[in-house]
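Residue-level listing of the chains:
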Amino acid sequence: MTQDEPREYVHVAFPAGEPPLPGVALVTLDRREALNSLSYALLSELDAKLAALDADPGCRAIVITGSGSRAFAAGADVKELSEAEPDWLHDADPFAAIDRVALLDTPTVAAVRGFALGGGCELAMACDILVAGDDAKFGQPEILIGVIPGAGGTQRLTRAIGKARAMELVLTGRRIDAAEADRLGLVTKVVPAAETLDAALALAAKVAEMPPLAARAAKAAVRAVADLPLADGLRYERDRFEALFGSEDQREGMAAFLEKRTAVWTGR
């Protein structure tokens with residue numbers, strides 16, 4: 001491939017598995033030569049491909065991972081950032097792609113091996129569930145290059161582990177390993193490194209088995225905790241609970257329970 005030829009930085013697959021994985025999409029970041037760092041081109045491609053999956057009724061859960069074993073994503077592309085001007089960053093807003101990961105209706109699972117630093121940590125935190133290999137390293141080291149996290153790191157990290165602990169990591173740039181991330185509540189589970197992707201896919205398959213309308217409503221209600229006061233959050237939850245009544249899946253789920261059989265979900 002010549003330097004001028006186009007290249008895909010994000011690959012999408014619907015992997016086969018044993019047991020099968022219906023409805024699970026696997027999204028792989030592929031800049032292995034740069035530890036999957038988040039260039040503008042990669043972020044734009046990721047944004048478009050995730051939007052397409054979110055609009056696909058056949059996709060019920062998304063796993064995001066990095067190519068290779070050394071990194072989920074080692075951060076933003078510092079060479080690109082070093083040449084950026086404030087006005088361009090404000091107008092182009094390339095890192096809004098990470099915010100939109102959190103806004104997807106489809107449940108997402110991050111499968112993290114190796115480095116998840118800076119923008120990579122922010123991308124992992126934007127996912128709904130975070131499976132870490134025991135070789136994973138997390139951190140927001142932006143202060144070490146004269147800036148601060150700019151894709152949600154100060155906000156999502158603080159909500160995940162609390163102000164005092166987030167303040168220490170953001171102000172020193174210290175990295176934490178998977179065991180510490182687990183103790184702090186940053187990750188969902190830690191597994192042996194070689195089992196990371198399989199564990200994430202299995203968890204996503206479990207989510208994909210759930211009634212799609214209810215899964216999306218549950219995700220939205222849990223996400224609202226970060227944005228709403230308790231009273232507003234309770235109303236938000238109640239509205240989505242009530243809206244599910246009258247759906248085909250609600251009627252099927254309750255009938256299947258009463259009839260002691262397995263429900264068949266249609267997403268309607």
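Rules behind the numbers
Residues numbered from 1 in each chain as written. Predicted model: local features only at pLDDT ≥ 70, side-chain atom pairs only at ≥ 80, totals over all residues. Heavy atoms only, no water. Phe/Tyr/Trp six-rings, centres within 6.5 Å; stacked < 30°, edge-to-face > 60°. Helix = DSSP H or I, 4+ residues; strand = E, 2+ residues; numbered from the N terminus. Buried < 20%, exposed > 50% of the residue type's maximum accessible area, 1.4 Å probe, protein only. Pairing = 2+ DSSP bridges. Axes fitted to C-alpha atoms, helices over the stretch in contact; angles between N-to-C directions. Salt bridge = Lys/Arg side-chain N within 4 Å of Asp/Glu carboxyl O.

Caption draft 1: A look at the packing of aromatic side chains. For the coordinates displayed, the defined rule picks out 3 aromatic pairs. On the basis of an interplanar angle of 45° and a centroid distance of 4.9 Å, the ring pair of Tyr-40 and Trp-88 is categorised as tilted. One end of the pair, Tyr-40, is in helix H1 (residues 40-54); the other, Trp-88, is in helix H3 (residues 86-92), with 48 residues separating them in the sequence. A ring pair is formed by Tyr-40 and Phe-95, whose centres lie 6.5 Å apart and whose planes are at 70°; its orientation type is edge-to-face. You can see Tyr-40 sitting in helix H1 and its partner Phe-95 sitting in the loop between H3 and helix H4 (96-103), a full 55 residues away along the chain. For the pair formed by Tyr-40 and Phe-95, the shared burial category is buried. Here a set of aromatic residues connected by ring pairs shows up, and it is made of Tyr-40, Trp-88 and Phe-95.

Caption draft 2: Just the sheet that holds strand S2 (residues 24-29), in detail. The 6 strands are arranged S1-S2-S3-S5-S7-S10 in an open sheet whose pairing can be described as mixed. What marks the edges here is a single partner per strand, and that holds for strand S1 (10-13) and strand S10 (189-191). The average angle at which neighbouring strand axes cross in this sheet is 20°, direction not considered.

Caption draft 3: Representation of the environment of Ala-164 in the model. Note that Ala-164 resides in helix H7 (residues 163-172). Separated by 84 residues in sequence, Ala-164 and Glu-248 place their C-alpha atoms 46 Å apart.

Caption draft 4: Focus on the pattern of salt bridges. Counted by the stated rule, this structure contains 20 salt bridges. The partner of Asp-99 in a salt bridge is Arg-156, and the shortest N-O contact between them spans 3.7 Å. Here Asp-99, found in helix H4, pairs with Arg-156, found in helix H6 (residues 153-161); they are 57 residues apart in sequence, far enough to count as distant. The shortest N-O distance in the salt bridge between Asp-105 and Arg-216 comes to 3.7 Å. Note that Asp-105 is positioned in the loop between H4 and strand S5 (108-112) and Arg-216 in helix H10 (residues 212-223), a separation of 111 residues in sequence. Here Asp-105 falls in the partly exposed class, since its relative accessible area comes to 41%. For Arg-216, a relative accessible area of 27% translates into the label partly exposed. Residues joined in a network through salt bridges with shared partners are Glu-8, Glu-45 and Lys-49.

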